[in-house]
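A closer look at the structure
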Amino acid sequence: MQALAAPESENLHARRPRLWGWLLLAPLVGWLLIFVVVPMAILLVYSFCQRDELGRVVFSFTFQNYARVFDPIYLRILGRSVGYAALTTLICLALGYPVAWYIARQRERIRDRLLLLVMIPFWTSFLIRTYAWIAILKNEGLLNGMLQYAGIIAAPLPLLYTPLAVIIGLVYAYLPFMILPIYGSAEKLDNALVEAAHDLGAGPIRAFSEVIIPLTWPGITAGMLLVFVPAIGMFAITDLMGGAQVPMIGNVIQNQFFRARNAPFGAALGVVFTLMFVITYALVHRRGQRVR
Amino acid sequence: MSAMIEVRSVTKRFGNFTAVDNVSLMVGEGEFLTLLGPSGCGKTTLLRMLSGFETPTEGSLVIAGEDVTHLAPYRRNVNQVFQSYALFPHLSVEENIGFGLRMQKVPPAERSRRVGEVIELVALNGFEQRRPHELSGGQRQRVALARAIVPRPKVLLLDEPLSALDAKLRQQMQLELKRLQKHLGMTFVFVTHDQEEALTMSDRIAVFNRGRIEQVGTGTEIYHQPSTAFVADFIGEANLLEAELISRNGVTARVRVQGGLELALAVAQWPADCPRALVSIRPEKVLVSKRPIDAENVFSARVAEELFQGVLDRLHLDTAAGTRLTAVVANESAIRDAIHAGDDVWCGLHVDDLVVVRSN
């Protein structure tokens, strides 16, 4: 009886994994569909539409929005956003790499504690942390107060609402996204490889450039993408800490949707912007694979 | 033979733990010296101090006449073969082997010639462009070796390089390593916990235990004249028996070992003014036969247990006097001569096969 039943149950097993696989995938596919694909599609459709005087979207086809994207005003803002994001990425890399490396070289117990310290800021709302920075940087703020008390400066330094404040805010917000992926790569790096490089005559700099950098490269590229991409589009920090003095592309898009009530133009900016990311990512990723 | 390495009263402590405890050692030029001992005995720590990855807490290290105690690893004329091989995964076999020469800024033409020679030497032709993960364990081992010898270091340090290989391949690599070392005339310091490996390959062996050197000597010396109970027990096997002096003359000393058996040993072995000492007897030195034996020490015993081990036959003997001994005899082909549990046998021991050792 059992022998007879066996082939049948095998058949069932052969069919089940496919069904189960789809069922297991369903939440993810649904999530991607609702929160990524559909919004992108709406954005794409909007970007070819017009608006009426009240700012409502009118479904009549036009290329006008895209023509406006390449207006020098917006290109300059885009250029500035890329510049700020690039500077943020470089500063995060310069600060984050040594930190990630240091944490990765510790004993496990200390390592876990240090990682926890890196992640603690995530427990507080991002906005609250940004307001904390405002409290530190403003004219009557903590930093100016301390510097004046110490007699280093006579009058408060204008720190808040400057490009410097924006960079500080961006670096502060995205530093963990640089540290964590680099830590992931550095932690996997066998210390014997570093010793082997030294043993074969590589000083600290050569060992770093010839062995450590290439072997932590996946973490470096991941960290750079994780910082650069969101930093370009960030608008909250530029609003709050830059005082809207230095608008970035994120602010412009946000303004188009809300204050200017020009959703189609905002959508066109968003689409161009997203395309740029995809192309940059593809280039970085391809190079990364070639290096490996 | 001039000294290539001098280890002068070196101590290394990690916190409260003393890994290497006041060790002094000389290694001659072109010598194959093995640091042998159980894990955690300090042999690897000493090797890491020679390569520069650890700095001695006390004492000094001299390599080729130069004090290297505080010299960075990348400024030392020594190279290491790592236990895990530590091949660079992002570089090809050729680039791995050429790494040291590139760091020394050897011109590309000379570099590729020397890399080619070494690849020939370790028989890795045809694998130049492979990545380490595309190689077998034995091949990786050869790359690690080639990478370490191509810069022509004064000393090659090897940290259990054969431990990851299977038994057959390991034996083959032992012979190849030994041949290579003779061919290059390079000083090798080899770390292992495998006594057979040490005996097969080394010119001299330094036996480590708990951060100290127990004995330094050739394989023959260490095997036949172990100076401590630890050495006798760690290298090969030993019957270690407490002995009490009964009488002595100019040639032999008569002793009573634990259990009651009375034996004669060379008087030079016995420490002066000492009523008690520890005697080591190798199991294969115990002669066993069903017929009377011609030896200085002859006694009768009963075979308590027999363990057939193929080539060898291991016998646990209860001597008539009451002392227990282990003997290892060649497995005899003639069935009627074979010795079995329960048999009464004659045993013999030559005077020179009893060695007095220091107890640890």
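To start, this report covers the structure provided alongside it.

Conventions and cut-offs
- Residues numbered from 1 in each chain as written.
- Chains lettered and ligands numbered in written order.
- Predicted model: local features only at pLDDT ≥ 70, side-chain atom pairs only at ≥ 80, totals over all residues.
- Heavy atoms only, no water.
- Contact = heavy atoms within 4.5 Å.
- Buried area = accessible area lost by both parts, 1.4 Å probe.
- Polar contact = N/O pair within 3.5 Å; in protein donor to acceptor, adjacent residues only side chain to side chain.
- Helix = DSSP H or I, 4+ residues; strand = E, 2+ residues; numbered from the N terminus.
- Pairing = 2+ DSSP bridges.
- Buried < 20%, exposed > 50% of the residue type's maximum accessible area, 1.4 Å probe, protein only.
- Core = buried A, V, L, I, M, F, W, Y, C linked by side-chain atoms within 4.5 Å.
- Axes fitted to C-alpha atoms, helices over the stretch in contact; angles between N-to-C directions.
- Parallel < 35°, antiparallel > 145°, perpendicular 65-115°, else oblique.
- Left-handed = near helix turned anticlockwise from the far one by under 90°.
- Nonpolar A, V, L, I, M, F, W, Y, C, P; charged D, E, K, R; others polar.

A separate point is the interface of chain A and chain B. Taken together, the contacts link 19 residues of chain A with 23 residues of chain B. In total, about 1,800 Å² of surface goes out of reach between chain A and chain B, with carbon and sulfur atoms giving 61% of it. Put simply, chain A and chain B have 6 residue pairs in polar contact (both at pLDDT 80 or more) between them. Every element with two or more residues in the side of chain A that touches chain B is listed here: helix 8 (191-199) and helix 9 (204-233) of chain A. Per element, the largest residue contribution to the side of chain A that touches chain B is 7 residues, and it comes from helix 8 of chain A.

Let us look at the pairing of strand 1 (residues 3-14) of chain B. Side-chain direction in a regular strand flips from residue to residue, so the side chains alternate between the two faces of the sheet. All names here are of chain B. Note that strand 1 and strand 2 (residues 17-28) share 8 bridges and pair antiparallel. The residue bridging I5 from the neighbouring strand is V27, located in strand 2. Hairpin connection from strand 1 to strand 2: 2 residues lie between these consecutive antiparallel strands, with G15 at a positive phi of about 60°. With 5 bridges joining them, strand 1 and strand 4 (residues 58-63) adopt antiparallel strand pairing. Note that in strand 4 the partner of V7 across the bridge is L61.

Below, the discussion takes up the pairing of strand 9 (residues 204-209) of chain B. Residues and elements named next belong to chain B. The element strand 9 is largely enclosed, with a buried count of 5 among its 6 residues. In this sheet, strand 9 lies alongside strand 3 (residues 32-36) in parallel orientation, the contact comprising 4 bridges. Paired with L36 across the strands is V207, a residue of strand 9. Here strand 9 runs beside strand 10 (residues 212-217); their pairing, made up of 5 bridges, is antiparallel. Across the sheet, V207 pairs through a bridge with Q215, a residue of strand 10.

Right, let's get into helix 2 (residues 93-103) of chain B. With 8 of 11 residues buried, helix 2 of chain B is to be regarded as a mostly interior element. Taken as a whole, helix 2 of chain B has its buried residues at V93, N96, I97, G98, F99, G100, L101 and M103 of chain B. Here the buried face of helix 2 of chain B lies against helix 8 and helix 9 of chain A together with helix 3 (108-121) and helix 4 (137-149) of chain B. Trailing helix 2 of chain B by a residue or two, K105 of chain B shows a phi angle of about 60°, which is positive.

Moving on, we get to the nonpolar core. Soluble, globular proteins show a tendency: their nonpolar side chains are buried together. In this structure, Y174 and I249 of chain A together with F88 and F99 of chain B are the most contacted members of the largest nonpolar core, which totals 74 residues. Tallying contributions element by element places helix 7 (residues 163-188) of chain A first for this core, with 13 residues. Setting aside residues up to four positions removed in sequence, F88 of chain B forms contacts with L193, A196, A197, L200 and V211 of chain A together with N96, F99, P132 and R147 of chain B. Counting residues in each nonpolar core, the second largest holds 32 residues, with L87, L135, L145 and M201 of chain B among its members.

Residues and elements named next belong to chain B. One open sheet holds the 5 strands; their spatial order is 15-19-16-17-18, and the pairing between them is antiparallel. Across the chains shown, the open sheet's two edge strands, defined by having one partner strand only, are strand 15 (287-289) and strand 18 (324-330). The mean angle between the axes of side-by-side strands here comes to 40°, regardless of whether they run parallel or antiparallel. Bridge count between strand 16 (residues 297-309) and strand 19 (residues 344-349): 6 bridges; the pairing is antiparallel. Paired with V298 across the strands is G348, a residue of strand 19.

To describe two helices that pack against each other, one gives the angle between their axes and the distance between the axes. Residue and element names in this part refer to chain B. Where helix 2 meets helix 3, the axes come as close as 10 Å, and the angle between the chain directions of the two elements is 130°. Considering their axes alone, helix 2 and helix 3 lie oblique with respect to each other. Classified by chirality, the crossing of helix 3 by helix 2 is right-handed. Together, E94, I97, G98, L101 and R102 of helix 2 and R111, R114, V115 and I119 of helix 3 make up the contact between the two elements. For the contact of helix 2 with helix 3, the per-class residue count stands at 4 nonpolar, 1 polar and 4 charged.

The subject of this paragraph is the environment of F177 of chain A. Residue and element names in this part refer to chain A. Tracing the backbone shows F177 in helix 7. Sequence separation between F177 and L226 is 49 residues, and the spatial gap between their C-alpha atoms is 6.0 Å. Filtering out sequence-adjacent residues up to four positions away, F177 remains in contact with F122, G223, L226 and V227.

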